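Listed here are the chains, written in short residue letters.
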Amino acid sequence: MMQLKFIYEVAVMLKRHRDQLWARLDELYANGSTFISWGEIYHWYSIERINKKPWRDIEARWKELLEEKEERYLSPQTAEVGGGVTLFYAKKPRPLKELAA
């Protein structure tokens, strides 16, 4: 197994919060989508304002997951929805109209 070294931008994150975030990223990889609430981001990262740091951390962890799976990097799509953000991942995305044709 290759040695991976990633620098996370988060000073302190509790183990249980890291585990919850990794579970969401595993869900994203396995199912193609996951939801993270704004409250979870505030709570997990112990922040009062959501800035770039949580997103950079999530992206670094996502890159690590893909490298472990020996997949090329593909940035998930995001959509702000009621109370948080949904992340979407598809190796070969295609529009609904193609399925309907």
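Residues numbered from 1 in each chain as written. Predicted model: local features only at pLDDT ≥ 70, side-chain atom pairs only at ≥ 80, totals over all residues. Heavy atoms only, no water.

Counting 15 residues, the largest nonpolar core has Leu21, Leu25, Ile36, Tyr45 and Trp62 as its most contacted members. Those elements giving two or more residues to this core turn out to be helix H1 (15–31), helix H2 (38–45), helix H3 (52–68) and strand S3 (84–88). A per-element tally of this core places H3 first, with four residues. Beyond its immediate stretch of four places on either side in the chain, Leu25 contacts Ile58, Arg61, Trp62 and Leu65. (Core = buried A, V, L, I, M, F, W, Y, C linked by side-chain atoms within 4.5 Å. Buried < 20%, exposed > 50% of the residue type's maximum accessible area, 1.4 Å probe, protein only. Helix = DSSP H or I, 4+ residues; strand = E, 2+ residues; numbered from the N terminus. Contact = heavy atoms within 4.5 Å.)

With respect to the helices and strands, Glu40 occurs in helix H2. Within the local environment of Glu40, its side chain forms a polar contact with the side chain of Arg24, the two groups lying 2.6 Å apart. Discounting chain neighbours no more than four positions away, the residues touching Glu40 are Arg24, Phe35 and Tyr45. (Polar contact = N/O pair within 3.5 Å; in protein donor to acceptor, adjacent residues only side chain to side chain.)

To continue, consider the packing of H2 against H3. The interhelical angle for the contact between H2 and H3, taken along N-to-C directions, is 90°, at an axis separation of 11 Å. In terms of axis orientation, H2 runs roughly perpendicular to H3. Between H2 and H3, the contacting residues are Trp38, Ile41 and Tyr45 on the first element and Pro54, Trp55, Asp57 and Ile58 on the second. For the contact of H2 with H3, a count of residues per class yields six nonpolar, no polar and one charged. (Axes fitted to C-alpha atoms, helices over the stretch in contact; angles between N-to-C directions. Parallel < 35°, antiparallel > 145°, perpendicular 65-115°, else oblique. Nonpolar A, V, L, I, M, F, W, Y, C, P; charged D, E, K, R; others polar.)

Now for unusual backbone geometry. The phi dihedral of Ser46 falls on the positive side, at around 50°, and the residue is not glycine. Position of Ser46 relative to the elements: it lies in the loop between H2 and H3. Even without glycine at this site, Glu70 takes up a positive phi of about 60°. Within the fold, Glu70 resides in the loop between H3 and strand S2 (77–81). The class for Glu70 is exposed, based on a relative accessible area of 70%.

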